[in-house]
Amino acid sequence: MTTTSTVPRQTIEPSAARRTFVERWLVMIFLAPTVLGMALFTFLPIIGSLVLAFFRWDIISAPQFVGFANFASLAQDPTVRVSFLNTIVFVVVAVILQLGIALSLASMLQARMPAWLRVFLRSTFFFPLVLSAASVSIFMRYMFNEQFGVVNWLLSLVGIPAVPWLTSPTASAAVVVLVYVWQNFGFSFLLFLGALTNIPKELHEAASLDGATGWKQFSNVTLPLISPTVLVASVVAIISALQVFDQPYVLTNGGPGDSTRTAVMVIFESAFQQLEFGKASAIGLVLTVLILAVTALQFRLSRRFVFYQ
Amino acid sequence: MSSQTLHTGADKHPGSTTTSRPYRSRRPPAAGTVGTYAGLAMAAALTLGPVLWTLSTSLRTPSESFNLPPSFLPLNPDFTAYQEVFKQINVALLVLNSALVTGLIALGQMASATLAGYAFARLDFRGKNAIFSLVLATMMVPVQVTIVPVFMLIRGMGLSDTLLALILPAIPTAFGTFLMRQYFLGLPNDFAEAAALDGAGPWRIFRSVYVPLAVPGMAIVGILAFNFHWNEFFRPLILTISEQNFTLPLGLVTLQGNLGTGSISVVLAGVILSMLPALVVFIFGQRTLREGLTAGASK
């Protein structure tokens, strides 16, 4: 078949051609599950949401084009308005608490202590993250029960009268925040712990020698060094808090009144209880725009305020 | 204590090795240090307290489980609630559904993310960066925005009220793909060159050289998927209708709705049972889970 003089050339070239051919097929096969899956279950639904937001549709009768009516109704519908307001208040309070607690605990864990204690504490603060928000809300709902709950029992020990945790508008909003923060502070804690552990100890020693200790050292040395992590932790916390659903759904189901109703709860109720799929899509799009705005803000802020080493 | 937990980053802190700073260990603890320990102890108590109360109350008899004073330590454990919860709801079926959904999503994510991650890291094709950006962009889209069209899509596919409705849409994973791409980028190129010299084709190089090396990365993807979907509530609430397709969190919330505050230890027994797999992951895969969770934020 082949003469010996052409062997090297012929064995390399067809195999190289074959290799690119095989690789081309391999690329398509390798990407197919992810890319086709995303096209079907993410991109197509996004387009669907964009279209649906301009229609009135209850799944049974034919969809009816209504222009911007769904968006306009968002501004007028008191439930939607109050739910967005609730969500924003929730995000602000929950994120500040979550980051504050996480950063304090991560800094405290830098104190001298036996290695086993450090591991134990880190595992403890991390633990709520592996539980389901639904389960946590189930047992917390019992704990915050007005008559028999353990929280009011503990308060009664120090002489505080029973708080109607789940039936007063303000207290129930506070419970949703507390339960959410209880479960999620561990995530920010892990981020801060990683960042604090990575600071070279020479920097702290140098600062101490220069007379900067305590709060001064924290605000002038530690905080600038971990500022990238603070920014990332804030953005992640804000984005997930904007989507809060499980806790208010199980704890209070949005009540009393609308006091703990969140944006995602209204999406759920509009679509699957009131069968107003267009309205639900419109609310979903507004929420997405909020999330994208937070992400965009992150990039702008990181260029300005974050100190990268 | 296992050797695994001893080799983590936080242990390298100067505080844990007193030998490096002998002059400090002789000092009496300052007021700030006492405050630090008090703060940590309080935070630990507030974190573990609710879990201990749940465990302890699940081990009280259903009729007196809501009596005061509450119980924080199961001194006289009573297992009636655990028998009762199996009578009230089909626990075995809920566990089976949750395990099937979670297991298949985890396997599907590991497979699809490994394949796509490898393609993005080590194969050349036109439009690679554009496609990868699109994949990453899906991380910005909250599930609540796509849920209505996904619900209709599932209906159109004839899959409504099936476990597949929960599994299929959860398999493509932007974060998993990102993680696996990073993992493959971190592996040296020499292996591929050596294998190619030995005559291995692109598939052999992937299957026999790089996949075995990527197992730790796949473990992160699998454990993250497990942790998220075992605990998932929003999608099952919408995509399943009949109780025979419920997953554990949904079944437990329904049980609480049915029983109210009557015999809370029965509900709490269910909650404790549902926590067991998460506890196993927590004990044996904590490090992997920590790495996965924090990798997402530092991308």
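Residues numbered from 1 in each chain as written. Chains lettered and ligands numbered in written order. Predicted model: local features only at pLDDT ≥ 70, side-chain atom pairs only at ≥ 80, totals over all residues.

Once that is clear, we can look at the overall build of chain A. The secondary structure content of chain A amounts to 13 helices and 2 strands. Over its C-alpha atoms, taken along the principal directions, chain A stretches across nearly 100 × 75 × 40 Å. In chain A, which comprises 309 residues, the share counted as buried stands at 40%. When contacts within chain A are restricted to residue pairs at least 6 apart in sequence, those whose partners lie at least 24 apart make up 68%. (Helix = DSSP H or I, 4+ residues; strand = E, 2+ residues; numbered from the N terminus. Buried ≥ 20, exposed ≤ 12 C-beta atoms within 10 Å, placed from the backbone. Contact = placed C-beta atoms within 7 Å.)

So, on to the overall build of chain B. The secondary structure content of chain B amounts to 15 helices and 0 strands. The 299 residues of chain B split such that 43% are buried.

With that settled, the discussion passes to the environment of R81(A). All names here are of chain A. Tracing the chain through its elements places R81 in helix α3 (residues 78-108). A residue is classified by how many C-beta atoms lie within 10 Å of it, and R81, with 14 of them, is partly exposed. Along the backbone, R81 and Q217 are 136 residues apart, and their C-alpha atoms lie at a distance of 44 Å.

Residues and elements named next belong to chain A. Between α3 and helix α12 (residues 263-272), whose axes approach to 8 Å, the crossing angle comes to 145 degrees. Between α3 and α12, the contacting residues are T79, V80, S83, F84 and T87 on the first element and A263, M265 and V266 on the second. Looking at the contact of α3 with α12, its residues break down into 5 nonpolar, 3 polar and no charged. (Axes fitted to C-alpha atoms, helices over the stretch in contact; angles between N-to-C directions. Nonpolar A, V, L, I, M, F, W, Y, C, P; charged D, E, K, R; others polar.)

Below, the discussion takes up the interface of chain B and chain A. Across the boundary between the two partners, chain B contributes 78 residues, which contact 83 residues of chain A. Tallying contributions element by element places helix α15 (residues 264-297) of chain B first for the side of chain B that touches chain A, with 14 residues.

Attention now goes to the confidence of the model for chain B. Residue and element names in this part refer to chain B. Mean pLDDT over chain B: 83, with 88% of residues reaching 70 or higher. The least confident element of chain B is helix α1 (residues 3-6), whose mean pLDDT is 36; the most confident is helix α5 (residues 91-122), at 94. Across residues 1-26, confidence stays below pLDDT 50; counting only partners more than four residues off in sequence or on other chains, it has 28 contacts. Interface confidence for the predicted complex, given as ipTM, is 0.84, next to a pTM of 0.86. (pLDDT = per-residue confidence, 0-100.)

All names here are of chain A. Mean pLDDT over chain A: 86, with 93% of residues reaching 70 or higher. Within chain A, the element-level pLDDT minimum falls on helix α8 (residues 201-209), averaging 78, and the maximum on α3, averaging 94. Note that pLDDT drops below 50 for residues 1-12; the model gives that stretch 2 contacts with residues more than four away or on any other chain.

Inspection of the secondary structure puts F120(A) in helix α4 (residues 115-126). Sequence-wise, F120(A) and F43(A) are 77 residues apart; in three dimensions their C-alpha atoms are separated by 43 Å.

With a phi angle near 50 degrees, N253(A) is a residue other than glycine that sits in the positive phi range. With respect to the element layout, N253(A) can be found in the loop between α11 (246-251) and α12. Positive phi outside glycine occurs at D161(B), with the angle close to 60 degrees. Within the secondary structure, D161(B) sits in the loop between α7 (143-156) and α8 (163-167).

This paragraph deals with helix α9 (residues 174-185) of chain B. Residues lying three or four places apart along an α-helix face the same way, a consequence of the helix completing one turn every 3.6 residues. All names here are of chain B. When the terminal C-alpha atoms of α9 are compared, their 16 Å separation across 12 residues agrees well with the 16 Å that a helix rising 1.5 Å per residue should span. Most of α9 is tucked away, with 10 of its 12 residues classed as buried. Of the residues making up α9, those classed as buried are A174, F175, G176, T177, F178, L179, M180, R181, Y183 and F184. (Expected span 1.5 Å × (residues − 1).)

Counting residues in hydrophobic clusters, the biggest one holds 161 residues, and the most contacted among them are A102(A), L105(A), F189(A), F192(A), A241(A) and V221(B). With 15 residues, the top contributor of residues to this core is helix α7 (residues 169-197) of chain A. Excluding anything up to four places from it in sequence, V221(B) contacts Q109(B), M110(B), A113(B), G176(B), L179(B) and M180(B). (Core = buried A, V, L, I, M, F, W, Y, C linked by C-beta atoms within 7 Å.)

Residue and element names in this part refer to chain A. In the contact formed by α4 and α7, the axes pass within 8 Å of each other and the chain directions differ by 140 degrees. By the angle between their directions, the pair α4 and α7 is classed as oblique. Taken together, the residues of α7 that come into contact with α4 (itself represented by R122, F125 and F126) are G186, F189, L190 and L193. (Parallel < 35°, antiparallel > 145°, perpendicular 65-115°, else oblique.)

Attention now moves to the environment of N198(A). Along the chain, N198(A) turns up in the loop between α7 and α8. The sequence separation of N198(A) and L31(A) amounts to 167 residues, and the corresponding C-alpha distance is 36 Å.

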